[in-house]
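Here is how the chains run, residue by residue.
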Amino acid sequence: MNKIILERKSIKKYSQIAVEDEKIHLLFKAASLAPSSYNEQPWSFIMARSNDLQNFNNLLSLMSEKNKEWAKDAPLIVLAAAKRNLTIIDKPNKYYFYDVSSAVANLTYQALSMDLYVHQIGGFDVHRAKTALNIPDEYEPVVMLVIGYNAEQVTKTNIHSRIRKPISDFVFEKKFGNPAKINNEVLLISSGDK
Ligand SMILES: Cc1cc2nc3c(=O)[nH]c(=O)nc-3n(C[C@H](O)[C@H](O)[C@H](O)COP(=O)(O)O)c2cc1C
């Protein structure tokens, strides 16, 4: 299993060390390299560093109280928004949320490769976000991202300790609901994940 996939987790204890601008740039460059339907690139990101207190608190204030409790210590908060219509034909873009999620995934794994962790948040006030951040009507807030270095010692992640559905619950063969026969032993040996 790829080390970066294993190491990704939604942390709640952030170091207050600032995220370097070069790294912030790489995060968004990685996001921009994600695939998107019609290459529309329907994503926009609004970011605030913790040293920019006014804008940081503006983003933080959109979160649910529970999320604020841990997100307040992070050095960087981002809100991702998605453009509803395709620009070239001005028709609804069926994949607008889906594509933003690809961009966020790219950003997340680029972050991990630089020792940065991304915790996604759906628990925020979408309606208030639109006004507080002056988001145009044709865009929809999707998710917030809390980004920074891990304040806790990184321990080796055990793949078996992660709470996940078994593969047979969601990978089918021939028709929906018929679990695919995949030789688990072969997969584990070939990926080196023992
Ligand atoms: C779209 C989305 C919304 C989420 N919203 C929240 C949230 O509001 N608060 C929170 O603490 N975690 C939130 N999470 C994090 C999930 O709870 C977390 O990814 C899941 O429990 C699996 O844990 P892991 O990311 O450490 O593997 C969200 C994740 C996603 C992808």
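Scroll up to find the structure.
Residues take numbers from 1 onward in each chain, read along the sequence in its written order. Confidence filtering applies because this is a predicted model: local features only for residues at pLDDT of at least 70, side-chain atom pairs given and counted only at 80 or more, and all residues used for totals across whole chains, interfaces and linings. As a rule here, side-chain values cover all heavy atoms of the structure and leave hydrogens and water aside.

Undergrad: Would you take a moment to explain the sheet that holds strand 1 (residues 43-49) for this structure?
TA: Strand pairing in a sheet relies on backbone hydrogen bonds. The paired strands run either parallel or antiparallel. Pairing between strands is defined by DSSP: at least two bridges between the two strands are required. Here a strand is any run of E in DSSP of at least two residues, a helix any run of H or I of at least four, and the numbering for each starts at the N terminus. Spatial ordering of the open sheet is given by 1-2-4-3, a layout of four strands whose pairing is antiparallel. Of all the strands in the sheet, just strand 1 and strand 3 (116-121) have a single pairing partner and so form its edges. Taking the axes of each pair of neighbouring strands and ignoring which way they run, one obtains an average angle of 25° across the sheet. Residues count as neighbours in contact if any of their non-hydrogen atoms are within 4.5 Å of one another. To define axes, lines are fitted to C-alpha atoms, for helices over the stretch in contact only, and angles between the resulting N-to-C directions are given on a 0 to 180 degree scale. Most of the contacts of helix 5 (residues 96-112) go to strand 4 (residues 139-149), to which it runs at about 10°, and overall it touches strand 1, strand 2 (76-83), strand 3 and strand 4.

Undergrad: How do you make sense of the pattern of salt bridges when you look at a structure like this?
TA: A side chain with one charge can pair with a side chain of the opposite charge if their charged atoms come near. Whenever a carboxyl oxygen of Asp or Glu lies within 4 Å of a side-chain nitrogen of Lys or Arg, that contact is scored as a salt bridge. A full pass over the atoms with the stated rule returns eight salt bridges. One salt bridge in this structure joins Asp 73 and Lys 72, with 3.5 Å as the shortest N-O distance. For Asp 73, a relative accessible area of 30% corresponds to the partly exposed category. Taking the shortest distance from any N to any O, the salt bridge between Lys 130 and Glu 140 comes out at 3.5 Å. With a gap of 10 residues between them, Lys 130 in helix 6 (residues 126-132) and Glu 140 in strand 4 connect regions that are remote in the sequence. Note on classification: 1.4 Å probe, protein chains only; a residue is buried when its accessible area is under 20% of the maximum for its type, exposed when over 50%, partly exposed between these limits. On the basis of relative accessibility, which here comes to 16%, the residue Glu 140 falls in the buried class.

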